[in-house]
Structure formats: C-alpha cells, structure tokens
Amino acid sequence: MQNIARTVGFKHGERNVFFHILTACNLSCRHCYINRAQHGVTTLSREKIEKWLSLFADPGKKANLIFLGGEPTLHPDLPFAIKKAKELGFFVTVDSNGYLFHDLLEKTTPELLDFLSFSLDGPDTATNDPIRGSGVFEVCVANIQRAVAKGFNVSVIYTVSKKNLQALAAMVPLLLKLKVKRFFIQVIGLRGNSAQNDSDETMQVSRGQWLATVPEVARQAAEKGIHVTYPQVFLGPDETFECAGNVAENFFIFPNGRVYQCPLCEDHPINAYRIEDDRLVKNEGLTEERFFRLNIAEGCVMNKLLQADNIEYDGQGNPKYDGQGNPKYRISCCLLKREIG
Ligand code: SF4
Ligand code: SF4
C-alpha cells in the first residue's frame, strides 16, 4: 500500500505538555531556542517537578508529556520524574541531545518511558557536528544503539536548515540501521540563538526548498517502515487555518514558572499562564492569547511578526498588506503536523 502523508488536525480533548525541567545544557547548538534571559537558569527540585506535573494531569484526557531542557538528562531526578509522570497517566517522552547523563538507561525502563528521542542534525559527523558540536554525532549514535539494545522505543528529531537540508535523505538509511521507529523533522525557527544571530536568518529554507525535499524524504522513510512527522508550514488554498492557541491544549512550561501556549511566543514575556506558589495562574493584560484571536491573510500572526521573510507577496499593491500585495500562500500554525507511515 502506498504511504500518503496526512495532516493531523488538532485533537480536541488531547493535551500536550512540554516540560523544561532545567535550562542548563552541556552543548551550545547554533540554533538552540533556549533563552535564559526569558526562561531563567533554575533547575527545578524533585518536589517542584512532582507538584507541577500534577497541575497538568487530567485522567479524562489523553495527555502527552515531553521532558525537555536544556538537556533533561543533566537532572539527576529525571528517572523519578518519568515514574511520577507515568503514575499520573501521561504518555512519557524524553528529548535528549544524546549524552544520557546520570545513567538514564539503567535508572528507568521502557515500561515507564514510552519514547526516548535523540536530536541529530545530520547523517554524519561532517553535517551534524558543525551545528551541534564536535564529537556529538559519535556519542549520540552510540547511545541510540545502547537504548535500542535495551528495548527502548527510540525516535530522532532533525531540525532542517540550509546547513543540512541536502543531507536529509541520507538520514533514512542511518535510521534504518539504528532501528529508529519514529522520525520528527522540524523547521528552524527564529527563536533563542537564531533570533540573536542575524546570519541565521539565512539558515531558514525557502518554501520551494522545503517542498522539494521534506515530503519526499518523509515518503521514502515511511516506505521503509519509519513513522515520520513534519510540520505543515505552508497551507494550500483549500486548507483551513487554525491557531492551536484557540483550539488545542498545549502547554510549554519553563523552570521560572512561565507557561506558554505557543512556542513562537517564548522569547517574549507574553505567556498566557504562570506557575505561582505551585498553582497555575492565568495572566492578565497583553498575553499571547490576544494574538491568537487576530485573523490575518498570512495565517499565523506570530510568524508574520517574528519571521515574515518566509512569506511571499504577489506584488499587486494592496495597501492593506504593506503595499506588497496579497500573500501568495498562508503559513500554518507551527504546531500543525503532517504524518506518514
Ligand atoms: S538545542 Fe538542545 S542540546 Fe542544543 S544547546 Fe540547546 S538545549 Fe542543548
Ligand atoms: S504558531 Fe501561530 S497559529 Fe500556532 S499557536 Fe502560535 S500564534 Fe497560533
């Protein structure tokens, strides 16, 4: 049967919780989105992690919990956090840069940890290491092999930029060799380091480059039995625009207590919620929610505000859109995904 990519609409009644338990990291990737000026340098205590997890647990909902950092395995209580999250009914994932500190594989089990995700930005040292750091490819691949040998479900995350788009296809044989079950392709965004570094604007791939490469590589991987997820990014004329902030339940929690609903907002103090005295509190005033309600021809409002260079206009001189004309296409919500396999 032929594999065909499908858009995965936002699921009502499903909750995704992205929990940054610290912001420290042993690496300094070029495109790191962690912004310590905005998210602090705190490492949450074991007690806080347990209390904050319970704020987002809802037995009536299918809920995914993703532990992130910084590098979450730098936290010595990560195995405890995984166990608590599982007890609360979450489907639990850890996103690691591959270093697996504190003997994570010995201190948790595939029964508690549903997926262990590794970040690789290239199929070899020559592509990956200039982006993620010297020696990182070798360590990450060795630990993927150890995790698979111990029976963990392993996925890989690949952040596409101009620096590694050409190498994406070569990931398929590597993932097969490593017995990776799921492949997440992401697009580089202008957040964190990328937003600070002007030259990184040129790291974003164009619509043509994205469409010419990503769907085809995803199809090839799916044909070999790997489940692939990648962002929709561009909406066709007949596709509906929806802002996840209005229709879905996504929470991005940072160790300084900020809780966002939209990842594109994370460089700004406009978080919709905060955790105060271990309670979830809704913020008043100008928060990200105000932006979610705006209806513009370009689709995603935050994309238009933060990284408008990825929109093309038809030049027909409609003064409503900066005299540039009408947008040729709309940008989807960054949380809208396509799946294949
Ligand atoms: S992208 Fe991840 S692994 Fe890389 S520096 Fe940032 S937190 Fe660390
Ligand atoms: S990325 Fe855009 S569309 Fe998605 S939640 Fe954020 S503002 Fe809304």
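Whatever comes next refers back to the structure up there.
Presented here is an overview of the structure given in this document.

Conventions adopted
- Residues numbered from 1 in each chain as written.
- Chains lettered and ligands numbered in written order.
- Predicted model: local features only at pLDDT ≥ 70, side-chain atom pairs only at ≥ 80, totals over all residues.
- Helix = DSSP H or I, 4+ residues; strand = E, 2+ residues; numbered from the N terminus.
- Rg over C-alpha atoms; globule rule 2.2 N^0.38 Å.
- Buried ≥ 20, exposed ≤ 12 C-beta atoms within 10 Å, placed from the backbone.
- Contact = placed C-beta atoms within 7 Å.
- Near = placed C-beta within 6 Å.
- Nonpolar A, V, L, I, M, F, W, Y, C, P; charged D, E, K, R; others polar.
- Core = buried A, V, L, I, M, F, W, Y, C linked by C-beta atoms within 7 Å.
- Pairing = 2+ DSSP bridges.
- Right-handed = clockwise from strand over helix to strand, strands pointing away.

Quick look at the overall build of the protein
Assigned secondary structure in the protein consists of 12 helices and 15 strands. Here the C-alpha atoms of the protein give a radius of gyration of 20 Å, agreeing with the 20 Å that 2.2 N^0.38 yields for 341 residues. Here the protein, with 341 residues, has 41% of them falling under the buried criterion. Contacts in the protein between residues far apart in sequence, at least 24 positions, make up 71% of those at least 6 positions apart.

A closer look at the site of ligand 2
Among the 14 residues in the neighbourhood of ligand 2, the closest are listed as Cys243, Cys262, Cys300, Met302 and Cys333. The set of elements that each furnish at least two residues to the shell around ligand 2 consists of helix H10 (244-247), helix H11 (288-292) and helix H12 (301-306). Ranked by residue count, the leading element in the shell around ligand 2 is H12, at 3 residues. Residues belonging to the shell around ligand 2 are distributed by class as follows: 12 nonpolar, 2 polar and no charged.

Digging into the environment of arginine 36
Of note, arginine 36 is situated in helix H1 (residues 36-39). Looking at arginine 36, the number of C-beta atoms within 10 Å reads 13, which means it is partly exposed. Residues arginine 36 and glutamine 186, 150 residues apart in the sequence, show an inter-C-alpha distance of 22 Å. Not counting residues within four places of it along the chain, the set of residues in contact with arginine 36 comprises Thr23 and Val41.

A look at the site of ligand 1
Near ligand 1, the surroundings consist of Cys25, Leu27, Ser28, Cys29, Cys32, Ile34, Gly69, Gly70, Glu71 and Asn97. By residue class, the composition of the shell around ligand 1 is 5 nonpolar, 4 polar and 1 charged.

Regarding the nonpolar core
Core analysis: the largest hydrophobic core is formed by 82 residues, its most contacted members being Ala218, Ala221 and Val228. In this view, alanine 221 contacts Val172, Leu175, Phe183, Ile226, Val228 and Gly341; residues no more than four positions away in its chain are not counted.

A closer look at the pairing of strand E7 (residues 182-187)
Note that strand E6 (residues 154-160) and E7 share 6 bridges and pair parallel. For tyrosine 158, the partnering residue across the bridge sits in E7 and is isoleucine 185. Following the backbone out of E6, through helix H7 (residues 171-178) and into the adjacent parallel E7, one traces a crossover that is right-handed. Of the strand pairs in this sheet, E7 and strand E8 (residues 227-231) are connected by 3 bridges, and their pairing is parallel. Opposite phenylalanine 184, over in E8, you have threonine 229 as the bridge partner.

Focus: the pairing of strand E3 (residues 62-68)
Taking burial as the measure, the 7 residues of E3 include 5 buried ones, the bulk of the element. When E3 meets strand E4 (residues 91-96), the two strands line up parallel, connected through 4 bridges. Of the residues in E4, the one forming a bridge with leucine 65 is valine 92. Remark: the E3/helix H3 (residues 78-87)/E4 crossover connection has right-handed handedness.

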